[in-house]
Amino acid sequence: MNTDFSLSILCYPYHPSKHTGRGHDRYVAELVDNLASQRKDVRLQVVDHGFSKSVLQGGLKLPRQVSDLLRARADVYHAISPVGGATAALLSKRPLVVTIHDVIPFNVSGSYDSPIKYRIWRQCIRLCLKRAAAIIVPYHVTKDELVTRLGADPAKVHVVNYGVDHNTYFQRPSVERARRCVLYVGEVSRSKGVELLI
């Protein structure tokens, strides 16, 4: 039985766009587009503060995120990141679902990026594991790490693999293949190990 309900998508620190070149931005855009087109029973509220070019620029948007969350009213809150999820949890927005895309902050040192950034992300992940009603992860290995390393309740962590739009991305047998070619698709940052690939 489908009954109408309201869902608040908390994008922070991401921005729903297919054009920024960031995978998490595309994830948010696809989620919002698919919910809007496929689930007419869901009243969608998207809390978004635009694209941020840096951690500092994103951090400066946090007060507006808090302000918008204080005013938000929804049956369910879905934070696209642990940082947005921690903000919602601290403001007692419930029930709260949080997507944790990876556990990189637990596996790399601050030498790859700002140590403060990773410390904040680690604390946000821990807070979300305690306070969220449900956690969504894209891979079983991420769930396993959250459960074994951080003590997450396995019944609360749900694996929802990333999807592919096969109308946009498909094999083209007519395209000649290079014999030795490596393609990297993703953020170019030290935490992704791109320098090892090069």
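Attention here is on the structure that accompanies the text. (Residues numbered from 1 in each chain as written. Predicted model: local features only at pLDDT ≥ 70, side-chain atom pairs only at ≥ 80, totals over all residues. Heavy atoms only, no water.)

**Digging into the overall build of the protein**
For the protein, the helix and strand inventory stands at eight helices and six strands. The linear arrangement of helices and strands in the protein, starting from the amino end, is β-α-β-α-α-β-α-β-α-α-β-α-β-α. Its C-alpha atoms give the protein a radius of gyration of 18 Å, within 12% of the compact-globule value 16 Å for 198 residues. Judged by the C-alpha coordinates and their principal axes, the protein covers about 55 × 40 × 35 Å. Scored against the burial criterion, the 198 residues of the protein give a buried share of 36%. Sequence separation of at least 24 residues holds for 56% of the intrachain contacts in the protein that already meet a minimum separation of 6. When the accessible surface of the protein is totalled, it reaches about 12400 Å², and 55% of it is carbon and sulfur. Averaging the positions of the 28 positive and the 17 negative side-chain charges in the protein gives two centres separated by 5 Å. (Helix = DSSP H or I, 4+ residues; strand = E, 2+ residues; numbered from the N terminus. Rg over C-alpha atoms; globule rule 2.2 N^0.38 Å. Buried < 20%, exposed > 50% of the residue type's maximum accessible area, 1.4 Å probe, protein only. Contact = heavy atoms within 4.5 Å. Areas by Shrake-Rupley, 256 points an atom, 1.4 Å probe, with all protein chains shown as cover. Lys, Arg positive; Asp, Glu negative; His and termini not counted. Charge placed at Lys NZ, Arg CZ, Asp CG, Glu CD.)

**Quick word on the nonpolar core**
One finds L96, V98, I100, I135 and L146 to be the most contacted residues of the largest nonpolar core, which totals 38 residues. Elements supplying a minimum of two residues to this core: β1 (5–10), α1 (23–38), β2 (42–47), β3 (76–79), α4 (82–90), β4 (96–99), α6 (115–131) and β5 (134–137). A per-element tally of this core places α6 first, with six residues. What I135 contacts, discounting residues up to four positions off in sequence, is V98, I100, C128, L129, L146, K156, V157 and H158. (Core = buried A, V, L, I, M, F, W, Y, C linked by side-chain atoms within 4.5 Å.)

**Things to note about a positive patch on the surface**
A cluster of basic residues, R94, R126, K130 and R131, forms a positive patch at the surface. Mapped onto the fold, K130 is located in helix α6. (Patch = residues over 30% accessible without salt bridge, like charges linked within 9 Å, V, L, I, M, F, W, Y side chains within 5 Å. Salt bridge = Lys/Arg side-chain N within 4 Å of Asp/Glu carboxyl O.)

**Re the layout of surface pockets**
Taken as a whole, the second largest pocket encloses approximately 160 Å³ of empty space. Every residue along the wall of the second largest pocket is listed here: F5, L7, L31, L35, R39, V42, V76, H78, V97 and I136. Those elements that provide at least two residues to the lining of the second largest pocket are β1, α1 and β3. In the lining of the second largest pocket, the residues fall into eight nonpolar, one polar and one charged. (1 Å grid on protein atoms, 1.4 Å probe; cavity = no way out; pocket = protein on both sides within 12 Å on 5 of 7 lines; lining within 4 Å. Points joined across faces, edges and corners; volume = space filled by probe spheres on them. Nonpolar A, V, L, I, M, F, W, Y, C, P; charged D, E, K, R; others polar.)

**Some remarks on the pattern of salt bridges**
Taken as a whole and assessed by the stated rule, the structure comprises seven salt bridges. The salt bridge partner of K18 is D33, with a shortest N-O separation of 3.0 Å. Of this pair, K18 sits in the loop between β1 and α1 while D33 sits in helix α1, placing them 15 residues apart in sequence. We note a salt bridge from R149 to E145, for which the minimum N-O separation is 2.7 Å. Placement of both R149 and E145 in helix α7 (residues 140–150) is noted, with a separation of four residues, approximately one turn of the helix. You can call E145 partly exposed: its relative accessible area is 22%. Residues joined by salt bridges that share partners form a network here, namely K18, R26, E30 and D33.

**Looking at the side chain of D41**
Mapped onto the elements of the fold, D41 is located in the loop between α1 and β2. Within the structure, D41 has its side chain in polar contact with the side chain of R39 (distance 2.7 Å). (Polar contact = N/O pair within 3.5 Å; in protein donor to acceptor, adjacent residues only side chain to side chain.)

**Focus: a nonpolar patch on the surface**
The grouping of V182, Y184, V188, L197 and I198 at the surface amounts to a nonpolar patch, some 560 Å² of accessible area in total. Considering the arrangement of structural elements, one finds V188 in the loop between β6 (157–159) and α8 (194–197).

**Re the environment of Q123**
Checked against the element boundaries, Q123 lands in helix α6. A relative accessible area of 45% means that Q123 is categorised as partly exposed. Each C-alpha atom of the pair Q123 and P82 lies 8.9 Å from the other, and the pair is 41 residues apart in sequence.

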